[in-house]
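# Observations on the three-dimensional arrangement
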Amino acid sequence: MSKPDATQAPGNPQYARLLELISEVRDIQGIGALLFWDQQVIMPRGGAASRGNHLALVNKLRHERFTSPEIGRLLEGLRSYEESLPYDSDEASTIRVTRREYAKATKLPPELVVRASRAATEGYTVWLAAREARDYGVFRPALEKTVAVTREIAETLGYEDHPMDALLDQHEPGMKVADVETLFAELRTALVPLAKAIAAKGDIVDSAFLQQPFDRAKQLALGLEAVKAIGYDPEIRGRMDISVHPYTIDIALDDVRITTRVNENYVGQSFFACLHEAGHGIYGQGLPGKFGRSILGDGASAGLHESQSRLWENVVGRSRAFWQSFFPRLEAHFPTQLAAATPESIYRAVNRVRPSLIRVEADEVTYNLHIMVRFELEKAVFDGKLEVKDLAEAWNAKFKEYLGIAPSDDLTGILQDIHWSMSFGANFTSYTIGNVASIQLYEEAVKQYPDMTERIARGDFAALFGWMKDNLHVHAAKFTPQETLERVTGKPLTAAPYLGYIKRKFTDIYGL
Ligand code: ZN
């Protein structure tokens, strides 16, 4: 006899039927994810056009299944059942989250969903070509289409205050553009003077030894060791491959794949991409198995997903304690390159602060300024204050304003991120939300394990991994990001812990 699944309610046939329909929607989503993984990792470029058709069809089928009138009728019929259940029960949460997502999805006509999917596939291919040409002009027509279709989606979904609220809600349910602006204001006030104080100290941290030839295969072997050490499973329930843009793709809870990219002249790029994506992968693999084909089988939001990737990439991977345990492994792969290095010199090198052009390589002090640039440009486009044709120029001007530097070509400027090739509006803010939430969560874990630093210094990541699994991953997508943070840490998203962490860490490194 098999045990009843926690999300099953044999007593309520309508609820059972709802679960059945949702599980098929989730399966179609998994098929789409597999096609997307293939597109990113092994598809020959010639396959792009037909893959566009395949993905558009899969997205259409998923959308049609999810917006079927039967699901609407079931949700109506389940109102009193939902009210009879505790808010945080799996059943009530399943109905509540389905209701929320159904309301959004039924507003979007299938024809618009197909157009958005086609625009994304085409946008990605054109973006690759534009990168090769290092020319925003090549990408611009595709981006104009994407902006138009995204604007249409925002208008169709509807909003109270700002069109980007409708888009932000898709990544961070319940959050508004005004909340993000408040958060950015608080960060800007603290981080801009800190970055200036660090710059005034001069370039006192040496990281040049990280930039020399490092064998590609050895870098990948090192990355694989690291992701395994922190708790990601790349063998039975995942795998690691190479792609242009590092990614985590959830095909199913037991098939969560990550990718990385290798720079043969800089050992940090692949290493930290591995830790970052493994953080996402650990969240996906850490979700309760009972939510496998449920609408709840996901992270709470893109921002909370980022909290997990930033936790392992930065809070752990760029900590002094981590390099005390991990240095010998790095040295074993690259004894010649690291002949003069020590755990402390690596720790300092991976935390060197300087204004840089590339977001994914930015240090923790300036990273959020990169996000602010993107957010403000997106908002200016939505507010009609900026045209897509002037975006590259505006990008360069904002960089000059916030970071004091401007890119010499579009490849290191506006063409660096994959995001705008697929959608436009509010899709970067989750990174900043993740940075801020990572510390809020970590400090909560430290309350239970006051010796966390010593554990990490011994290479013991089980306490942190286990705490996140038991306290965060366990909630899956049952609650909004703010509700989730309140449940786990007692507070909604709060900048203070993050700013305290940044200030302590970099005051020490730079002797401020
Ligand atoms: Zn990420």
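Residues numbered from 1 in each chain as written. Predicted model: local features only at pLDDT ≥ 70, side-chain atom pairs only at ≥ 80, totals over all residues. Heavy atoms only, no water.

This part covers the overall build of the chain. If you tally the helices and strands in the chain, you get 22 helices and 3 strands. A globule of 512 residues ought to have a C-alpha radius of gyration of about 24 Å, and the chain, at 23 Å, matches this closely. Considering only C-alpha atoms, the chain reaches an extent of 70 × 55 × 45 Å along its principal axes. Out of the 512 residues belonging to the chain, those deemed buried represent 59%. For the chain, the share of sequence-separated contacts (at least 6 apart) that also reach a separation of at least 24 residues comes to 73%. As displayed, the chain offers around 20,800 Å² of accessible surface, 53% of which is attributable to carbon and sulfur atoms. With 59 positive and 68 negative side-chain charges, the chain shows a separation of 1 Å between the mean positions of the two kinds. (Helix = DSSP H or I, 4+ residues; strand = E, 2+ residues; numbered from the N terminus. Rg over C-alpha atoms; globule rule 2.2 N^0.38 Å. Buried < 20%, exposed > 50% of the residue type's maximum accessible area, 1.4 Å probe, protein only. Contact = heavy atoms within 4.5 Å. Areas by Shrake-Rupley, 256 points an atom, 1.4 Å probe, with all protein chains shown as cover. Lys, Arg positive; Asp, Glu negative; His and termini not counted. Charge placed at Lys NZ, Arg CZ, Asp CG, Glu CD.)

Taken as a whole and judged by the stated rule, the model has 24 aromatic pairs. Ring centres 5.2 Å apart and planes at 80° place the aromatic pair phenylalanine 36 and tyrosine 247 in the edge-to-face group. Taken together, the positions of phenylalanine 36 in helix α1 (residues 13-41) and tyrosine 247 in the loop between β1 (240-242) and β2 (248-252) put the pair 211 residues apart, joining distant regions of the chain. The residues phenylalanine 36 and tyrosine 247 share a single accessibility class, namely buried. An angle of 75° between the planes, with centres 6.2 Å apart, marks the rings of tryptophan 312 and phenylalanine 461 as edge-to-face. Pair noted here: tryptophan 312 is in helix α12 (residues 302-316) and phenylalanine 461 is in the loop between α19 (452-457) and α20 (462-471), with a separation of 149 residues, a long-range link. Among the aromatic side chains, those forming a connected cluster through ring pairs are Phe271, Phe272, Trp312, Phe322, Trp323, Phe326 and Phe461. For arginine 62, the ring lying beneath its charged end belongs to phenylalanine 66, and the centroid distance is 6.0 Å. (Phe/Tyr/Trp six-rings, centres within 6.5 Å; stacked < 30°, edge-to-face > 60°. Lys NZ or Arg CZ within 6 Å of the ring centre and 35° of its normal.)

Our next topic: the coordination of the zinc ion. Geometry sets the ideal angles at a metal, namely 109.5 degrees for four tetrahedral donors and 90 or 180 degrees for six octahedral donors. Of the protein atoms, only His276 (NE2), His280 (NE2) and Glu306 (OE) coordinate the zinc ion, at distances of 2.1 Å. Here the donor residues of the zinc ion are spaced in sequence according to H-x3-H-x25-E. Residue histidine 276 is located in helix α11 (residues 267-286), and its partner glutamate 306 is located in helix α12; the two are separated by 30 residues in the primary sequence. Taken as a pair, histidine 276 and glutamate 306 share a single burial class, namely buried. (Donors = N, O, S within 2.8 Å, 3.2 Å for Na, K, Ca; no water.)

Time to look at the domain arrangement of the chain. The domain architecture assigned to the chain consists of domain 1 (6-162) and domain 2 (177-510). Here the C-alpha centre of domain 2 lies 26 Å away from the C-alpha centre of domain 1. Taken together, the contact between domain 1 and domain 2 spans 45 residues of the former and 47 residues of the latter. Where domain 1 abuts domain 2, roughly 4,300 Å² becomes buried across the two surfaces, and 63% of that area is made up of carbon and sulfur atoms. Summed over the three residues of domain 1 that lose the most area to domain 2, namely Trp37, Tyr136 and His162, the buried surface amounts to 16% of that side. On inspection of domain 1 and its partner domain 2, the count reaches 5 salt bridges. Between aspartate 90 and lysine 290 there is a salt bridge, with its nearest N and O atoms 2.8 Å apart. Inspection of the region where domain 1 meets domain 2 yields 17 residue pairs in polar contact (both at pLDDT 80 or more). Listed by contribution, the elements that provide at least two residues to the side of domain 1 that touches domain 2 are α1, α5 (90-107), α6 (110-133) and α7 (136-157). (Domains from an automatic or database assignment. Buried area = accessible area lost by both parts, 1.4 Å probe. Salt bridge = Lys/Arg side-chain N within 4 Å of Asp/Glu carboxyl O. Polar contact = N/O pair within 3.5 Å; in protein donor to acceptor, adjacent residues only side chain to side chain.)

A few words on the packing of helix α2 (residues 48-66) against α6. Interaxial distance between α2 and α6 falls to 9 Å at its minimum, and their mutual angle equals 150°. As the angle between them shows, α2 and α6 are arranged roughly antiparallel. α6 is crossed by α2, and the crossing has right-handed handedness. Listed contacts from α6 to Ala48, Gly52, Asn53, Leu55, Ala56, Asn59, Lys60 and His63 of α2 are Pro110, Val113, Val114, Ser117, Arg118, Thr121 and Thr125. Taken together, the residues of the contact of α2 with α6 sort by class into 6 nonpolar, 7 polar and 2 charged. (Axes fitted to C-alpha atoms, helices over the stretch in contact; angles between N-to-C directions. Parallel < 35°, antiparallel > 145°, perpendicular 65-115°, else oblique. Left-handed = near helix turned anticlockwise from the far one by under 90°. Nonpolar A, V, L, I, M, F, W, Y, C, P; charged D, E, K, R; others polar.)

To continue, consider the pattern of salt bridges. Across all of its chains, the model carries 46 salt bridges by this definition. Glutamate 24 is paired through a salt bridge with arginine 65; the nearest N and O atoms lie 2.5 Å apart. Pair noted here: glutamate 24 is in helix α1 and arginine 65 is in helix α2, with a separation of 41 residues, a long-range link. Salt bridges sharing partners connect three or more residues here, namely Arg100, Glu101, Lys104 and Asp169.

Strand order across the open sheet formed by 3 strands is β1-β3-β2, with mixed pairing between neighbours. Every other strand in the sheet has two partners, leaving β1 and β2 as the edge strands with one partner each. Mean inter-strand twist for the sheet, computed between neighbouring axes without regard to direction, equals 30°. Judged from the 4 bridges that link them, β2 and strand β3 (residues 255-260) form a sheet pairing that is antiparallel. Note on β3: the bridge partner recorded for threonine 248 is isoleucine 258. Packing of helix α10 (residues 216-230) onto the sheet brings it into contact with β1 and β3, and relative to β1 it is tilted by some 145°. (Pairing = 2+ DSSP bridges.)

Once that is clear, we can look at helix α16 (residues 391-403). The α-helix advances 3.6 residues per turn, and as a result positions three or four apart in sequence lie on the same side. Spanning 13 residues, α16 covers 17 Å between terminal C-alpha atoms, matching the ideal 18 Å at 1.5 Å per step. Every buried residue of α16 is listed here: Leu391, Ala392, Ala394, Trp395, Lys398, Phe399, Tyr402 and Leu403. Across the axial projection of α16, the buried residues extend over an arc of 155°, all falling on one side. Away from its buried face, by an angle of more than 90 degrees, α16 presents the exposed residues Glu393, Lys400 and Glu401. Buried residues in α16 make contact with α7, α9 (177-200), α15 (367-382) and α17 (419-422). Of the residues flanking the end of α16, it is glycine 404, one or two places downstream, whose phi is positive at about 75°. (Expected span 1.5 Å × (residues − 1). Arc of directions from axis to C-beta.)

Another point: α9. Along its 24 residues, α9 runs 34 Å from first to last C-alpha, staying within 8% of the 34 Å computed at 1.5 Å per residue. Burial in α9 covers these residues: Val177, Val180, Leu183, Phe184, Leu187, Leu191, Leu194, Ala195 and Ile198. In the core, the buried residues of α9 are packed alongside α8 (163-171), α15, α18 (429-448) and α22 (495-510). A positive backbone phi angle near 85° is found at glycine 202, which sits one or two residues after α9.

Within the secondary structure, glutamate 378 is located in helix α15. Apart from the residues lying within four places of it in its own chain, the contact partners of glutamate 378 are Met164, Trp420, Phe424, Gly425, Ala426, Asn427 and Phe428.

What follows covers the side chain of lysine 104. By the element assignment, lysine 104 lies in helix α5. The contacts of lysine 104, once residues within four sequence positions are left out, are Leu157, Asp169 and Gln170.

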